[in-house]
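Chain by chain, the residues:
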Amino acid sequence: MECAAESHSPDANPEADSALQRAHSSSSAVKRALQLIQLDDSDCRLEAAREIRRLTKSSQRCRRQLAQAVNPLVAMLRAGSPDSHEAALLALLNLAVKDEQNKINIVEAGALEPIISFLKSEDLNLQEYATASMLTLSASTINKPIISASGAIPLLVEILRNGSPQAKADAVMALSNLSTHPNNLHVILETEPVPSIVHLLKSCKKHSKTAEKCSALIESLVGFDEGRTALISEEGGVLAVVEVLENGSLQSREHAVGALLTMCQSDRCKYREPILREGVIPGLLELTVQGTPKSQSKAQMLLQLLRDSPYPRSELQPDTLENIVCNIISQIDGDEQSGKAKKMLAEMVQVSMEQSLRHLQQRALVCTPTDLPIATFTSEVSSKRLF
């Protein structure tokens, strides 16, 4: 036949043929999985759920093609054996990753009720998978108020207290997602989550996504008096935030300085000393020259509030950042901390001078275009773990 002859011609592309074969194989597997998941036979459904999980692990196209499987998979969550519960939950989790419509459809199909029951399960694996599912589903703006109304938030906080390390990390990320819906913050505050968030923040790596979400959640919660009181009352609470400000990722440091600034702006007399006591000045100085634009601005505002007087000085003593910091340093107890702050100030001035010089040089060379690299930072809100 003509097509057979064409496939053996010298100009045939083996890579294209292989890709075509994989596409045909994937399409056949999708059709078979959709057929099996509709059958009444529990063994067939279990096989289908496991196949759907496999197909959707790394293929966005398969997630779209298998969207029809959402309802029968949710039905599997409500009935059957623990094996079928786990297989269906993992299949739904993979279907939801990076697919907004599947996230919405899963919740609309009634998945929250069984998933919430799994959050209370003594089976730690099932509890962990349910927490990961909540993390992924909570990334959808439409789902946030529905998840809150379902009663999931207290259970997520309980997992944050007593769950496995992975479940705790997923729980705090889910809570951080839910906190971006304004009405949910009050619900989260009522569960008194701050001690557990601080404990997790102390134990995780400061550059991790977990630290970023802990810091973001703390920044949101300290916007309320209950949140500020809880953080200041928790042993090492403010210190944990300061440590993120010093050693966290750029985004984490932005959240950390935002949290401390919010506290100081709410009641400077109450929070100034506890913040200063944890040695925040060196980290703030570094942020003024090396942080994101928001971090730099917030760090300078916080330095203004931390000095002896938050108001501008006279014309004889200009209200420069250097003068603000010198004023703070003069009040710090302890030679070691004061010396470190002075060193950081000297380095800050040096970096500032170097940046000004580079700016002048660039202006002088304005007629000679150059390509300047621009750093970009992205943040993924949904779970990157695929099962």
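Residues numbered from 1 in each chain as written. Predicted model: local features only at pLDDT ≥ 70, side-chain atom pairs only at ≥ 80, totals over all residues. Heavy atoms only, no water.

(A) Fine view of the environment of Val280. Its place among the elements puts Val280 in the loop between helix H19 (268-277) and helix H20 (281-290). Since its relative accessible area comes to 0%, Val280 is described here as buried. For the pair Val280 and Leu306, spaced 26 residues apart in the sequence, the C-alpha separation amounts to 9.9 Å. For Val280, the residues in contact, after removing those within four places along its chain, are Val242, Leu245, Leu260, Ile275 and Leu306. (Helix = DSSP H or I, 4+ residues; strand = E, 2+ residues; numbered from the N terminus. Buried < 20%, exposed > 50% of the residue type's maximum accessible area, 1.4 Å probe, protein only. Contact = heavy atoms within 4.5 Å.)

(B) Structural view of the environment of Ala299. Among the secondary structure elements, Ala299 is positioned in helix H21 (residues 293-306). With a relative accessible area of 0%, Ala299 lands in the buried category. Separated by 54 residues in the primary sequence, Ala299 and Leu245 have C-alpha atoms spaced 10.0 Å apart.

(C) How the structure looks around the side chain of Thr191. The topology assignment puts Thr191 in the loop between helix H13 (182-190) and helix H14 (194-203). Those residues in contact with Thr191, other than ones at most four positions away along the chain, are Ile153, Pro154, Val157 and Arg161.

(D) The arrangement of empty space enclosed by the protein in detail. Tallying each qualifying case throughout the model produces one cavity of 30 Å³ or more. Its boundaries defined by the atoms lining it, the largest cavity holds a volume of some 50 Å³. In terms of lining residues, the largest cavity is bounded by Leu89, Leu92, Leu93, Ala96, Ile106, Ile115, Ser133, Thr136 and Leu137. Residue contributions to the lining of the largest cavity peak at four residues, all from helix H6 (residues 82-96). Of the residues belonging to the lining of the largest cavity, the class tally is seven nonpolar, two polar and no charged. (1 Å grid on protein atoms, 1.4 Å probe; cavity = no way out; pocket = protein on both sides within 12 Å on 5 of 7 lines; lining within 4 Å. Points joined across faces, edges and corners; volume = space filled by probe spheres on them. Nonpolar A, V, L, I, M, F, W, Y, C, P; charged D, E, K, R; others polar.)

(E) Here's a closer look at the pattern of salt bridges. The tally for this structure, following the rule as stated, stands at 10 salt bridges. Here Glu158 ties to Arg161 by a salt bridge, and the two come within 3.5 Å at their closest N and O atoms. Note that Glu158 and Arg161 are positioned in helix H11 (residues 152-162) at a spacing of three residues, about one turn of the helix. The class of Glu158 is partly exposed, set by a relative accessible area of 37%. The exposure class assigned to Arg161 is partly exposed, which follows from its relative accessible area of 34%. (Salt bridge = Lys/Arg side-chain N within 4 Å of Asp/Glu carboxyl O.)

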